Amino acid sequence: MKLLEIKKIAITATFLAGNLIALNANSQSVTQTIGGVTYTITLSSSSTYNSISSTLQASSIWGDASLANALAISVGKTSALGAPNNGAGPAFAYGVNSVNGNVRFYIDTPGGVFNSSAINSASFYWALVAGGGSASGPSVANTQASLQITAGALQGIYTLQNAVIANSFSYDCDTFGANNVCVSAGGRNTAVSATNGLNNTSGLLIAAYRPHANYRIGAYADQNLSVNNAGSTVNLGNNTPLIGIFGAWNERLDGTGAEVKVSAAYGQKNTTITRQVIGTSEAGSGSSQLNSQGAQVAVKYGFGVATNTIVSPYVGIRYTQNNMGGYTEGASGSVTAPLTYSALNTNATTALAGIGASYRGIPKTNLFASAGIESDTNTSAGSYSATGVSGLVPVNFNANPVKNRATATVGATYDVEKNQRLGVTGIYRQESYQAVSTTTVMATYTVGF
């Protein structure tokens, strides 16, 4: 970690002097402002060089030269000539770094490289903070660890919203009455595995109109009623519903022959993200909006293979994207270094293929099931990126995506009365994140007018 990245540093130093150099020991403390940051060094007693650890190596400890030079000047050396160069360095050289939270400041003379011969040389002195140094503000390492946890929580939220979008493309309303109108109402619950119980429950409203016997058009609304998310790193609002439209053409009314269905949907959710505290990291919190949208085209062909049984292979293509805008955490007494985040965008183009079957051999009842494979043909996973604590690096949002995934559906409908139908459906999906899947259960009551 470079020292310029530390907001405030208070250093208690012990200086070890060789026979070629003398420190300005008359000053008990000095300050140096570098890059807008003020460093305070409190001088202490000098000692002999022999207490230096022989394990120090130039490759691991030499840091920001300009800061080291400035610190050296502030404690009595009036010229600064740069870093060592394989034993042929300048008259004096300086290095800084941070190890295990302790700020270290080094000065070297000709010879330049930290090795056993240099350590035994008296022509060398240095300054070290061994547990006495402290830095206020959040640590880079702890903040980075907190970002990793937040990114994991966001993966669950993105998975949930993407599954809701993809499953909504199966919403339909095909029970019509004399006026060729269909209305369906019900509820849905979708759960995400491996995410501490993340699930949401929604109310559904689906409607369709049949202007011709062979095609129908419709729309739907999927309104969040509750979101359960243990840990509460990310909270979704219930303010607006997912809305969608669809259109379908079928060759025959009995389910045999070709059918083409086109669907599109859009949803937005207010999102509040609160970082978990890891070590000296801070519980920064901010809000953004997560927008999810997509479209799908699917084609199937029904074969009547036996009495009351239809088998329907299908293929399709789907595009989905989830975009969360950038945001800045709020500052407070406990959040001294609020982070600012870039937008986090993901998208995928996915090919679909599978086979479904339905059976109508039980009076008033239709049983159906399907199984298929989804394969991403093009994806962009994005990265979770923040600034505000120097040294943070972007978190790859899906470093090892699952390209080919299984999906399955099972369900049943029961005709309660003429043009009135009760339906229950379950959907299982493998998702693009490793070892993550979703399960959805929905129930609807449909009436044809």
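Numbers given to residues run from 1 along each chain, matching the order in which its sequence is written. Given that the model is predicted, a residue must reach a pLDDT of at least 70 before its local features are reported, and side-chain atom pairs must reach 80 or more before they are shown or counted; all residues, however, enter totals for whole chains, interfaces and linings. With hydrogens and water set aside, each side-chain value is computed from the structure's full complement of heavy atoms.

A few words on the environment of Ser 380. Under the scheme used here, helices are H or I runs from DSSP no shorter than 4 residues and strands are E runs no shorter than 2 residues, and both carry numbers assigned from the N terminus. With respect to the helices and strands, the residue Ser 380 is situated in strand 21 (residues 365-380). For Ser 380, a relative accessible area of 34% corresponds to the partly exposed category. Contact between two residues is taken to exist if any of their heavy atoms lie within 4.5 Å; hydrogens are not considered. Excluding residues that lie within four positions of it along the chain, Ser 380 makes contacts with Asn 345, Thr 346 and Asn 347. Think of it in three bands: residues with accessible area under 20% of the maximum for their type are buried, residues over 50% are exposed, and the middle band is partly exposed, with areas taken using a 1.4 Å probe on protein chains only.

Glancing now at the pattern of salt bridges. A side chain of one charge can pair with a side chain of the opposite charge when the charged atoms of the two come close. A side-chain nitrogen of Lys or Arg and a carboxyl oxygen of Asp or Glu constitute a salt bridge if their distance falls within 4 Å. Taken as a whole and assessed by the stated rule, the structure comprises 14 salt bridges. Ionic pairing is found between Asp 174 and Arg 421, a salt bridge with its closest N-O pair at 4.0 Å. Here the residue Asp 174 occupies a position in the loop between helix 4 (140-168) and strand 10 (181-192), and Arg 421 occupies one in strand 26 (residues 420-430), the gap between them amounting to 247 residues. Taking the shortest distance from any N to any O, the salt bridge between Arg 216 and Glu 259 comes out at 3.7 Å. With Arg 216 in strand 12 (residues 215-228) and Glu 259 in strand 15 (residues 257-274), this residue pair connects regions lying 43 residues apart in the sequence. Exposure remark for Arg 216: the relative accessible area of 7% places this residue in the buried category. What you see here is one network of salt bridges that share partners, running through Arg 318, Glu 374, Asp 376, Arg 405, Arg 429 and Glu 431.

Another point: the side chain of Gln 161. Its place among the elements puts Gln 161 in helix 4. Apart from residues lying up to four places away in sequence, Gln 161 is in contact with Leu 236, Lys 269, Leu 290, Ser 292 and Asn 322.

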